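# Fold and contact review
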Amino acid sequence: MYVCICKGITEKQIQEAVTSRNSNNPKEILKALGVGSDCGTCVEDAVTTLLEQNARSPYEMKDSSNKA
């Protein structure tokens, strides 16, 4: 299923990015894929996909910008 129509990014591409990239930062992954860079309508669905994939992946996805 397409998550970002503007960039043609699918749910599968987001899931693959989570497992294949060295980053565990959701913002970094979405930026690298270009998700949300045009109209932004897809961002909520993309984040949901990331969180679902994170629940299945062996590492914890964190937003590194929220470090204390």
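We now turn to the structure provided with this report. (Residues numbered from 1 in each chain as written. Predicted model: local features only at pLDDT ≥ 70, side-chain atom pairs only at ≥ 80, totals over all residues. Heavy atoms only, no water.)

Take the pattern of salt bridges next. Summed over the entire model, instances satisfying the criterion amount to two salt bridges. The partner of Asp38 in a salt bridge is Lys7, with the nearest N and O atoms 4.0 Å apart. Of this pair, Asp38 sits in the loop between α2 (26-33) and α3 (43-56) while Lys7 sits in the loop between β1 (2-4) and β2 (9-10); the two residues are 31 residues apart in sequence, bridging distant segments of the chain. (Salt bridge = Lys/Arg side-chain N within 4 Å of Asp/Glu carboxyl O. Helix = DSSP H or I, 4+ residues; strand = E, 2+ residues; numbered from the N terminus.)

Glancing now at helix α1 (residues 11-20). Every buried residue of α1 is accounted for by Ile14, Ala17 and Val18. Considered in projection along α1, the buried side chains sweep an arc of 100 degrees and stay on one side of the axis. Opposite the buried face of α1, by more than 90 degrees, sit the exposed residues Lys12 and Ser20. (Buried < 20%, exposed > 50% of the residue type's maximum accessible area, 1.4 Å probe, protein only. Arc of directions from axis to C-beta.)

Turning our attention to the environment of Val43. Note that Val43 resides in helix α3. Judged by its relative accessible area of 33%, Val43 falls in the partly exposed class.

Keep in mind that these numbers describe shape and distance, not what the molecule does.
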